[in-house]
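Spelled out, the chains give:
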Amino acid sequence: MLDVLIVGAGPTGLTAGCLLARAGLSVRIVRKHRPFSGHSRASVIWPHALAILEPTGVTDVLAASGSRVTRLGYYSSGDPIGRFEIDRLTDTRYGFALGVSQHDTEAALESAFLVAGGEVDDGEVVHLDQDDQQVTVQVRSDGQLASRSARLLVGADGAGGAVRGLLGIAMADVGPRVSFRIADAVIDGLPEDEAAYCWTPGGGLAIGPHDRRAYRLAYRLTPDSPDASAASFQRLLDERGPRTRRGVVRDLVSTADFEARFAIADAFGLGRCLLAGDSAHVMAPAGGQGMNSGILDAAALSWRIVEARRNGLESPLAENFLQDYDAERQSAIRLVMATAIEHARDGGLRDGAEIAARDGRYAAMSDDPRAHVDRVARMSQLHVPGNPGNRRESEASHA
Ligand SMILES: Cc1cc2nc3c(=O)[nH]c(=O)nc-3n(C[C@H](O)[C@H](O)[C@H](O)COP(=O)(O)OP(=O)(O)OC[C@H]3O[C@@H](n4cnc5c(N)ncnc54)[C@H](O)[C@@H]3O)c2cc1C
């Protein structure tokens, strides 16, 4: 019988697939057809996730096409208030984040998964049953239903997926709902190695190198937001961007509007089924943490599955198998979300006194060596409990 069935071929499912297949388990991914969207979703991979993907070869592939982001710049009404260097991190080999399209990340992960011996089926999981030895799902494809069984199942089917609901696990909001607009644009005049958070009393603008061809721009939508034209993005860059470097929009490649929420599943699995990535938690993209969290989930569950295999996956799972994963990743995700919510709140201040206090705080953080590194470690998810990545993950993937 198949060892692990993964539902979903986004970054989370593919990362779990790569790590498990490389460790010698039989793994199959079932994925619902997702129409190609012109715009990428995630555009940054932080150092912790880069280290997790390294043994699969994906980090090297992406490094060849992505932009190396070495610092985070914070600006208040165009003036710098803090500058955080990623290469001050000491717990990782990666002193940079990669600006890279999620399409490229998924393509690199999929080929690594297939090379490692994994298999992919097209189809939509619509029903799920499990007992103490196996999980069986019904998969709909071309109007036909087929069943697939495995010792374990990973639900990595994203925010709108089916597995969490089929397990009867609810998801609760832990933060505000926000609407935002993104654009990928070719822009002259901006640094290629800085992700910038530009805050003004009239609203913010995040600017990140997206890959070597384009930049990602993002801002929160309000009733008086401008339209999504190149001229409007140029105006926003002029009004909100760094005063020292004027960016000139040459080409607007794509734009999209989104509604996002901060929410966490009540449990990260049930019985022989584990949830990971957006099926277990969703967050607004400010700070670029959602996909990175999914990659860390995938590493945290993969090494546990590899360890469980030593006793035979057909045997009852160790009592603490799921609780341990659930506790580690729930608390990690709550920390990541707290940082993301705080970041969004800092960027949304309108009151002059609050803005002055915030600007002073960022300047002090940037100047203080410990606070400086702590800030970068938080953005890189190197501060989370359990540290699902480097040591244990490399053991799993080299097993
Ligand atoms: C505008 C935007 C910008 C973002 N920027 C960043 C960023 O810079 N950094 C970052 O870390 N994150 C970012 N994110 C978040 C990131 O895109 C998601 O967190 C990430 O895609 C989650 O990956 P996933 O694999 O868990 O789920 P998904 O990518 O949603 O993949 C789910 C998979 O499951 C499949 N599926 C769904 N239902 C079924 C079913 N019933 N049966 C079988 N298959 C099914 C889908 O077809 C798909 O293959 C951003 C998101 C948005 C919207």
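Thresholds, definitions, all that
Counting from 1, residues in each chain are numbered in the order their sequence is written. Selection of residues for local features in this predicted model requires a pLDDT of at least 70, selection of side-chain atom pairs for listing and counting requires 80 or more, and totals for whole chains, interfaces and linings are taken over all residues. Secondary structure follows DSSP: runs of H or I at least 4 residues long count as helices, runs of E at least 2 residues long count as strands, and numbering of each begins at the N terminus. This radius of gyration counts C-alpha atoms alone. The globule rule is 2.2 Å times how many residues there are, raised to the power 0.38. The exposure scheme places C-beta atoms from the backbone and then counts, for each residue, the other C-beta atoms within 10 Å of its own, assigning buried at 20 or more, exposed at 12 or fewer, and partly exposed in between. Any two residues are considered in contact once their C-beta atoms, placed from the backbone, lie within 7 Å. A set of buried Ala, Val, Leu, Ile, Met, Phe, Trp, Tyr and Cys residues, joined through C-beta atoms within 7 Å, is what we mean by a nonpolar core. Between any two strands, at least two bridges found by DSSP are needed for them to pair. Placing the C-beta atom from the backbone, one calls a residue near a molecule or strand if that atom lies within 6 Å of it. Three classes are used, and their members are as follows: Ala, Val, Leu, Ile, Met, Phe, Trp, Tyr, Cys and Pro are nonpolar, Asp, Glu, Lys and Arg are charged, and the others, Gly among them, are polar. pLDDT measures how confident the predictor is about each residue, on a scale from 0 to 100. The axes used here are C-alpha line fits, helices contributing only the stretch in contact, and every angle between their N-to-C directions lies in the interval 0 to 180 degrees. Here the word oblique covers every angle except those under 35 degrees (roughly parallel), over 145 (roughly antiparallel) and from 65 to 115 (roughly perpendicular). In a left-handed crossing the near helix is turned counterclockwise from the far helix by less than a right angle, and in a right-handed crossing that turn is clockwise. Working note: the arc is built from the helix axis to C-beta atom directions. How far a helix is expected to stretch is found by multiplying one less than its residue total by 1.5 Å.

Draft legend 1. Just the overall build of the protein, in detail. Counting its secondary structure elements, the protein contains 11 helices and 21 strands. In terms of overall size, the protein behaves like a compact globule, its C-alpha atoms giving a radius of gyration of 21 Å where 399 residues would be expected to give roughly 21 Å. The C-alpha extent of the protein, read off along each of the three principal axes, is 60 × 45 × 40 Å. The buried share of the protein, taken over its 399 residues, is 50%. Long-range pairs, those at least 24 residues apart, make up 77% of the contacts in the protein with a sequence separation of at least 6.

Draft legend 2. Highlighting the nonpolar core. By size, the foremost hydrophobic cluster in this structure holds 120 residues, and its most contacted members are Val4 and Val154. Among the elements that line this core, the one with the most residues is helix 7 (residues 290-309), at 10 residues.

Draft legend 3. How the structure looks around the sheet that holds strand 18 (residues 263-265). Taking strand neighbours across the sheet as the criterion, the 3 strands line up as 12-18-21 in an open arrangement whose pairing is antiparallel. The two strands at the open ends of the sheet, each matched to only one other strand, are strand 12 (171-173) and strand 21 (281-282). Both strand 18 and strand 21 contribute to a ladder of 2 bridges, which runs antiparallel. Paired with Ile264 across the strands is His281, a residue of strand 21.

Draft legend 4. Summary view of the site of the ligand. In the vicinity of the ligand, 34 residues are found, and the nearest of them are Gly8, Gly10, Gly158, Gly277 and Gly290. For the shell around the ligand, the secondary-structure elements that each account for two or more residues are helix 1 (11-22), strand 2 (27-31), strand 9 (124-130) and helix 7. Among the elements that line the shell around the ligand, the one with the most residues is helix 7, at 4 residues. For the shell around the ligand, a count of residues per class yields 13 nonpolar, 14 polar and 7 charged.

Draft legend 5. The confidence of the model for the protein, seen in detail. Considering every residue of the protein, the mean pLDDT works out to 92; 95% of them sit at 70 or more. Every residue in residues 390-399 scores below 50 in pLDDT, and together they form 23 contacts with partners more than four places removed in sequence or on other chains.

Draft legend 6. Local environment of the packing of helix 1 against helix 4 (residues 102-115). Closest axis-to-axis distance for the helix 1/helix 4 pair is 9 Å, and the angle between their directions is 25°. On the basis of the axis angle, helix 1 is roughly parallel to helix 4. The interaxial crossing formed by helix 1 with helix 4 has left-handed handedness. Counting all contacts with helix 1, which are made through Pro11, Leu14, Thr15, Gly17, Cys18 and Ala21, the residues of helix 4 involved are Gln102, Thr105, Glu106, Leu109, Glu110, Ala112 and Phe113. The residue makeup of the contact of helix 1 with helix 4, split by class, is 7 nonpolar, 4 polar and 2 charged.

Draft legend 7. Seen up close, unusual backbone geometry. The phi dihedral of Asp142 is positive, around 50°, even though this residue is not glycine. Following the sequence through the fold, Asp142 ends up in the loop between strand 10 (135-141) and strand 11 (144-155). For Asp142, a count of 6 C-beta atoms within 10 Å translates into the label exposed. Its identity as a non-glycine residue notwithstanding, Gln381 has a phi of 60°, on the positive side. Tracing the backbone shows Gln381 in the loop between helix 10 (369-379) and helix 11 (390-398).

Draft legend 8. Here's a closer look at helix 6 (residues 230-240). For helix 6, the full list of buried residues reads Phe233, Leu236, Leu237 and Arg240. For helix 6, the arc enclosing every buried residue in end-on projection is 100°, short of the 170-degree limit, so these residues lie on one face. Packing partners of the buried residues in helix 6 comprise strand 13 (178-188), strand 14 (194-200), strand 15 (203-209), strand 16 (215-220) and strand 17 (248-260).

Draft legend 9. Up close: the environment of Glu307. Note that Glu307 resides in helix 7. According to the C-beta neighbour criterion, Glu307 is partly exposed, with 15 such atoms within 10 Å. In this structure the C-alpha to C-alpha distance between Glu307 and Thr90, which are 217 residues apart in sequence, comes to 28 Å.

Draft legend 10. Region of interest: the pairing of strand 9. Where strand 9 and strand 10 come together, 6 bridges link them in antiparallel fashion. By the bridge assignment, His127 is partnered in strand 10 with Gln138. If you look at the hairpin formed by strand 9 and strand 10, you'll find 4 residues sitting between the two strands.

Draft legend 11. Spatial organisation of the sheet that holds strand 3 (residues 44-45). Across the sheet, which stays open at both edges, the 3 strands sit in the order 3-7-4 with antiparallel pairing between neighbours. Pairing within the sheet leaves two strands with one partner each, and these edge strands are strand 3 and strand 4 (67-69). Two elements, strand 4 and strand 7 (residues 97-99), share 3 bridges in a ladder whose sense is antiparallel. The residue bridging Val69 from the neighbouring strand is Ala97, located in strand 7.

Draft legend 12. Summary view of helix 9 (residues 352-367). In this model helix 9 runs 23 Å from its N-terminal to its C-terminal C-alpha over 16 residues, within 8% of the 22 Å that 1.5 Å per residue would give. For helix 9, the complete set of buried residues consists of Asp359, Tyr362 and Ser366. Along the axis of helix 9, the buried residues cluster in a sector spanning 65°; they form a single face. Residues of helix 9 that are exposed and angled more than 90 degrees away from the buried face: Ala353, Ala356, Ala357, Gly360 and Asp367. Contact partners of the buried residues in helix 9: strand 5 (71-76), strand 6 (79-85) and helix 10.

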